[in-house]
Amino acid sequence: MRLQAFCHNSRCHHNQPLNLEKLKAKLGPDAPAMADDLIPKLRCAKCGGKAVGLTYAPDNTKVSGMGHRID
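These numbers were taken from a predicted model, which means no experiment stands behind them. The numbering scheme is per chain: residues are counted from 1 as the chain's sequence reads. Residue-level local features of this predicted model are given only where pLDDT is at least 70; pairs of side-chain atoms are given and counted only at 80 or more, and the full residue set underlies all totals for whole chains, interfaces and linings. Hydrogens and water molecules were not included; the side-chain quantities draw on all heavy atoms of the structure.

1. A short note on the pattern of salt bridges
When a carboxyl oxygen of Asp or Glu lies within 4 Å of a side-chain nitrogen of Lys or Arg, that pair is called a salt bridge. Under the criterion given, the structure shown has one salt bridge. Put simply, E21 and K24 hold a salt bridge, and the shortest N to O gap is 3.6 Å. Residue E21 and its partner K24 are located together in helix α1 (residues 20-27), separated by three residues, close to a single helical turn. The cut-offs for exposure are 20% and 50% of the maximum accessible area for each residue type, with area from a 1.4 Å probe on protein chains only; residues under the lower value are buried, those over the upper are exposed, and the others partly exposed. Among the residues examined, E21 registers a relative accessible area of 53% and is labelled exposed. Under the scheme used here, helices are H or I runs from DSSP no shorter than 4 residues and strands are E runs no shorter than 2 residues, and both carry numbers assigned from the N terminus.

Here is the structure:
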């Protein structure tokens, strides 16, 4: 899974990918990774704003749990 954060501030619009492994290390292995759980913990790295959104997408560079490449 790829996770992209984006700033809703009309003067900023910064966006960046989030590293799920770093999030897991910071929040703990059992921490939920759904938008409603993560958004309150995030700030824009550029402007410091709290109006942040998330986009989730499959990561085509990873393999599935069955050992097959996900295409």
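2. As for the confidence of the model for the chain
Confidence of the prediction at every residue is given by pLDDT, a number between 0 and 100. With 87% of its residues at a pLDDT of 70 or more, the chain has an overall mean of 87. Taken element by element, the chain is modelled with least confidence in α1, mean pLDDT 90, and with most confidence in strand β2 (residues 15-18), mean pLDDT 95.

3. Concerning the state of the cysteines
Only a pair of cysteine sulfur atoms within 2.5 Å qualifies as a disulfide here. Under the counting rule described, the total for this entry stands at zero disulfides. C12 carries a free sulfur, and the closest cysteine sulfur to it, the one in C44, is 3.6 Å from it. Judged by relative accessible area, C44 falls into the buried class, the value being 8%.

4. What about unusual backbone geometry?
Look at H13: it is not a glycine, yet its phi comes out positive at around 55°. Turning to its location among the elements, H13 is positioned in the loop between β1 (2-7) and β2.

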